[in-house]
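Understanding the architecture of this molecule
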Amino acid sequence: MSVRVRFAPSPTGDLHVGGARTALFNWLMARKLGGTFILRVEDTDGARNTAEASAGIIKGLRWLGLDWDEGPEVGGGCGPYFQSQRKAIYDAYLSKLKASGRVYTEENGAVRFKFSRTAITVHDLVCGDVVFAATEEPDMTVRRPDGSYIFHFVNVVDDIEMGMTHVIRGEDHLSNTWKHVDLFHAFGVTPPTYAHIPLILNPDGSKMSKRDEGSAIEHSYMNAGYLADAVFNYLCMLGWTPKAENEKLSRSELVALFDPLAIHKSNAKFDLKKSLWFNAQYLRELSADELFKHAMPFLKAKSLSWSDEAIAAAAVYSVREKVSLLSELPDWVHYFFREDYSFEADVITKLKGKPENATLLGVVATHLSAANEWSEQGVLDGVEAAAKELNIKPGAMMPLLRFALSGQSRGPGVTTIAHLIGRDATLGRIARTLREVLT
RNA sequence: GACCCCUUCGUCUAGCGGUUAGGACACAUCCCUUUCACGGAUGCGACACGGGUUCGAUUCCCGUAGGGGUCGCCA
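Below you will find a few notes about this structure.

Procedures and definitions
Residues numbered from 1 in each chain as written. Chains lettered and ligands numbered in written order. Predicted model: local features only at pLDDT ≥ 70, side-chain atom pairs only at ≥ 80, totals over all residues. Heavy atoms only, no water. Helix = DSSP H or I, 4+ residues; strand = E, 2+ residues; numbered from the N terminus. Rg over C-alpha atoms; globule rule 2.2 N^0.38 Å. Buried < 20%, exposed > 50% of the residue type's maximum accessible area, 1.4 Å probe, protein only. Contact = heavy atoms within 4.5 Å. Lys, Arg positive; Asp, Glu negative; His and termini not counted. Charge placed at Lys NZ, Arg CZ, Asp CG, Glu CD. Phe/Tyr/Trp six-rings, centres within 6.5 Å; stacked < 30°, edge-to-face > 60°. Near = heavy atom within 4 Å. Polar contact = N/O pair within 3.5 Å; in protein donor to acceptor, adjacent residues only side chain to side chain. Nonpolar A, V, L, I, M, F, W, Y, C, P; charged D, E, K, R; others polar. Axes fitted to C-alpha atoms, helices over the stretch in contact; angles between N-to-C directions. Parallel < 35°, antiparallel > 145°, perpendicular 65-115°, else oblique. Left-handed = near helix turned anticlockwise from the far one by under 90°. 1 Å grid on protein atoms, 1.4 Å probe; cavity = no way out; pocket = protein on both sides within 12 Å on 5 of 7 lines; lining within 4 Å. Points joined across faces, edges and corners; volume = space filled by probe spheres on them.

Observations concerning the overall build of chain A
From N to C terminus, chain A includes 17 helices and eleven strands. Relative to its length of 439 residues, chain A is extended, with a C-alpha radius of gyration of 30 Å against a globular reference of 22 Å. Seen along its three principal axes, the alpha-carbon backbone of chain A occupies a region of about 100 × 45 × 40 Å. Sorting the 439 residues of chain A into buried and exposed places 52% on the buried side. Within chain A, contacts between residues at least 6 apart in sequence are counted, and of these 72% link residues at least 24 apart. Charge centroids of chain A, computed over 49 positive and 54 negative side chains, lie 2 Å from each other.

What follows is the structure in structure tokens.
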């Protein structure tokens, strides 16, 4: 039998890391076994669900590259995939329960399911067989007086209707699973195989929920400058360890390595530093074009613009090993894009520190204006010639030139900066520094 | 409160009776270096506690403590 798994979010808010990882593991399972990954929106509670949230979740899943084979936007043979549109199916299933005497209606119209009140065992790939003693809880409500249905009921009905073979979800559902199994039995259906994955906790050990740092996919990752591949990779490492030498693994490697039996039982705390490390790793292996494409929205957000895209891309590429997030890029490259960059306080202090700095910059300018060709080597030759004339080491000239050309004390190689901004800008910036700082 | 799951360096983890308890992130130092980074090297650093079982427990069993979860006409 072909594997069928699903991610069944309730659209009450943005896609959350916990949900994203649940979707991720389901996706890995389907792709690993050549199965089907289904997206089902559990929007039975009209009061809490919104279309915006639903769209947001889809946006987040798309960004992470978790494509589904059946569900919203793609269709499939078991639709509709919004539970709010499946009332007739639920009514039919409720009738089955009525026929077998497993439900009863209360005075106000709510319908309850009669628990079997026997010990129930949940077979779980991660937790093993978990036995729940006969319950003493009140029978559970499956339909509200207004005719709408409750999660436990629709969840089970749809898992039956959509032919789910495995249910991979957060461990917070484990304690309720016996109720689902009871329902499956009442319908005369063998329950799917379960796999309850550990939860993601905050660094302090508390349960991570919306609002917490690093919890919302769109806000904390997409907009913060993460690469989807990095987030995908990092999330896999929370609660699962692939049998591999390295932790940095591509999607295809992760698919090939995936094994639900290797998923951990214990919860994992979110580690911001490590997520940044993963992102930095992925950032560095992007080509100049790819990096620029990803960086563009972040540059524009800081009002940076360019006329020569190749130069702009080269500028961004020159600082790729200095950042962990795309959002850090503008601060590292803004001076490539404008002449009115400001001078950092310590840069001004250092420039003014020695009176001979003005002379040094003047000599460098003279040599650079005479350079035969404007390449990095040409710039370097000019600086060395100036240093020789001044009888100092070329290395001693570099910081000064860096200060003048960027206003910053750190950045890519000085010759790279000069080469990319061009001769005119280089000479102009030296002149500006002489005029505005070393007066 | 009842029930369920969990417990190895600060964090993510390897380990599946005998290991100098390994790796990654972070941190520290050093090297490299025109800055900042990258990279390389080294270091710091853990089996929650108490009983068993065993020739021998991080590993198996029980208990305690601690953490998380579930007990809705939320999902």
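A short note on the packing of aromatic side chains
Going through the model one piece at a time under the given rule, you end up with 19 aromatic pairs. With 5.7 Å between their ring centres and 65° between their planes, Trp306 and Phe337 make a pair best called edge-to-face. In this pair, Trp306 sits in the loop between helix H10 (288–301) and helix H11 (309–317) while Phe337 sits in helix H12 (residues 329–337), placing the two residues 31 residues apart along the sequence. Note on Phe337: relative accessible area 16%, which makes it buried.

Re the protein's contact with RNA strand B
What surrounds RNA strand B is a group of 59 residues, the closest being Asn108, Arg144, Glu321, Lys322 and Gly411. When the atoms of RNA strand B within 4 Å of the protein are sorted by group, sugar and phosphate make up 74%. Note that a phosphate oxygen of RNA strand B is positioned 2.8 Å from one of the side-chain N or O atoms of Thr44. Separating a sugar or linking oxygen of RNA strand B from a backbone N or O atom of Ser409 is a distance of 2.5 Å. When contributions to the surface near RNA strand B are tallied by element, the ones reaching two or more residues are strand S6 (128–132), helix H4 (151–161), strand S11 (268–269), helix H9 (272–284) and helix H16 (394–406). Looking at side-chain class alone, the surface near RNA strand B contains 19 nonpolar, 18 polar and 22 charged residues.

A look at the packing of H4 against helix H5 (residues 177–186)
Two quantities define a packed helix pair, namely the angle between the axes and the distance from one axis to the other. For the pair H4 and H5, interaxial distance at closest approach is 10 Å and the crossing angle is 55°. As summarised for this structure, H4 and H5 are arranged oblique, according to the angle between their axes. Helix-helix and strand crossings are classified by hand; for H4 and H5 the assignment is right-handed. Listed contacts from H5 to Phe151, His152, Phe153, Asn155, Val156, Asp159 and Ile160 of H4 are His180, Leu183 and Phe184.

Quick look at empty space enclosed by the protein
Counted by the stated rule, this structure contains one cavity of 30 Å³ or more. Taken as a whole, the largest cavity encloses approximately 30 Å³ of empty space. For the largest cavity, the full set of lining residues is Asp14, Leu15, Gly56, Gly60, Ile217, Glu218 and Met222. Put simply, the parts of the chain that give the lining of the largest cavity at least two residues each are helix H2 (51–64) and helix H6 (217–222). In terms of residue count, H6 provides more of the lining of the largest cavity than any other element does, three residues in total. Counted by class, the lining of the largest cavity contains three nonpolar, two polar and two charged residues.

Brief notes about the environment of Arg48
You can see Arg48 is positioned in the loop between strand S2 (36–39) and H2. For the pair Arg48 and Thr241, spaced 193 residues apart in sequence, the C-alpha separation works out to 36 Å. In this structure Arg48 touches Pro11 and Thr12, once residues within four positions along its chain are discounted.

Function cannot be inferred from these measures alone, as they are strictly geometric.
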